[in-house]
Amino acid sequence: MMHQLYPQVAHHYRYELNKDMHIAAAHFIPHEAAGSCANVHGHTYIVNVTVAGDELDESGFLVNFQTLKQLVHRKLDHTLLNDHSDWFDGHDPNRFPTSEVVARTIYETIQRYLDTLPHKPKCLQVFVRETPTSYVVYRPKAGER
């Protein structure tokens, strides 16, 4: 496996966790501005999630790596992203499964889960590489963390 270098987020937390995932999935962008991406096509996405916090849970985890994988990889791997209407609403142009929207939606999903934990870790960024030369980073604004 090739190790990736990701943009870093400056923060004041004691712990930072990063989880990498490879997701094989297809999508299409149903909009005239998408050009050839309006056709169904696939990618092997590389996703990196950064979570940080000051406290560990009772088992010594900031968050369990397997939980992050279950929230994202199990849901999206080997699927057509457009079929996930619970994640991507095809009637809202801000919800077409572009890399930007995929990154934001992964963030929202993970942060919803983290908000249920008593030690309140935070998702600081989600990195989504769609191709070897194209990637997106989603970070919530400072007031949204």
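Rules of the game
Residues numbered from 1 in each chain as written. Predicted model: local features only at pLDDT ≥ 70, side-chain atom pairs only at ≥ 80, totals over all residues. Heavy atoms only, no water. UniProt positions renumbered as here; feature names shortened; annotations may be inferred. Pairing = 2+ DSSP bridges. Helix = DSSP H or I, 4+ residues; strand = E, 2+ residues; numbered from the N terminus. Contact = heavy atoms within 4.5 Å. Axes fitted to C-alpha atoms, helices over the stretch in contact; angles between N-to-C directions. Core = buried A, V, L, I, M, F, W, Y, C linked by side-chain atoms within 4.5 Å. Buried < 20%, exposed > 50% of the residue type's maximum accessible area, 1.4 Å probe, protein only. Salt bridge = Lys/Arg side-chain N within 4 Å of Asp/Glu carboxyl O. Polar contact = N/O pair within 3.5 Å; in protein donor to acceptor, adjacent residues only side chain to side chain.

The name given to the protein in an unreviewed UniProt entry is 6-carboxy-5,6,7,8-tetrahydropterin synthase, with the source organism recorded as Geobacillus thermopakistaniensis. Regarding the protein, the UniProt comment filed under Catalytic activity (unreviewed entry) reads as follows: "7,8-dihydroneopterin 3'-triphosphate + H2O = 6-carboxy-5,6,7,8-tetrahydropterin + triphosphate + acetaldehyde + 2 H(+)". What the UniProt record of the protein gives under Sequence similarities (unreviewed entry) is the line "Belongs to the PTPS family. QueD subfamily."

Details of the sheet that holds strand β1 (residues 15-27)
Reading across from one edge, β3-β1-β2-β4-β5 is the order of the five strands in this open sheet, with mixed pairing throughout. Two strands lie at the open edges of the sheet, namely β3 (79-80) and β5 (134-138), each paired on one side alone. Relative to β3, β1 runs parallel, the two sharing two bridges. Along β3, the bridge assignment pairs Ala25 with Thr79. Most of the contacts of helix α1 (residues 65-76) go to β1, to which it runs at about 15°, and overall it touches β1, β2 (41-53) and β3. Running over the sheet, helix α2 (residues 99-114) touches β2, β4 (122-131) and β5 and is turned about 150° from β4.

Topic: the nonpolar core
Ranked by internal contacts, the top residues of the largest apolar core, which has 29 residues, are Val47, Val49, Val51, Ile106, Ile110 and Val126. Excluding its chain neighbours within four sequence positions, the residues that come into contact with Ile110 are Val49, Val51, Leu68, Leu71, Val72 and Cys123.

Looking at unusual backbone geometry
A positive phi is found at His78, a non-glycine position, where the angle reads about 55°. Despite not being glycine, Lys120 has its phi angle at roughly 50°, a positive value.

Remarks on the environment of Phe88
Residue placement: Phe88 occurs in the loop between β3 and α2. Classification of Phe88 as buried rests on a relative accessible area of 2%. With near-sequence residues (within four places) excluded, Phe88 lies in contact with Leu76, Leu81, Arg95, Pro97, Val101, Val102 and Thr105.

Things to note about the pattern of salt bridges
The final tally for this structure, using the stated rule, is three salt bridges. In this structure, Lys75 and Asp86 form a salt bridge, with 2.4 Å as the shortest nitrogen-oxygen distance. Separated by 11 residues along the polypeptide, Lys75 in helix α1 and Asp86 in the loop between β3 and α2 bring together distant segments of the chain. Given a relative accessible area of 54%, Asp86 falls into the exposed group.

Quick notes on the environment of Val47
Inspection of the secondary structure puts Val47 in strand β2. As for Val47 and Ala103, which are separated by 56 residues in sequence, their C-alpha atoms are 8.3 Å apart. Those residues in contact with Val47 that sit more than four places away from it in its chain are Lys19, Asp20, Met21, Ile23, Ile106, Val126, Phe127 and Val128.

Observations regarding the side chain of Gln111
Considering the arrangement of structural elements, one finds Gln111 in helix α2. The class for Gln111 is buried, based on a relative accessible area of 7%. Within polar-contact distance, the side chain of Gln111 engages the backbone nitrogen of Cys123 at 2.7 Å. With near-sequence residues (within four places) excluded, Gln111 lies in contact with Pro121, Lys122 and Cys123.

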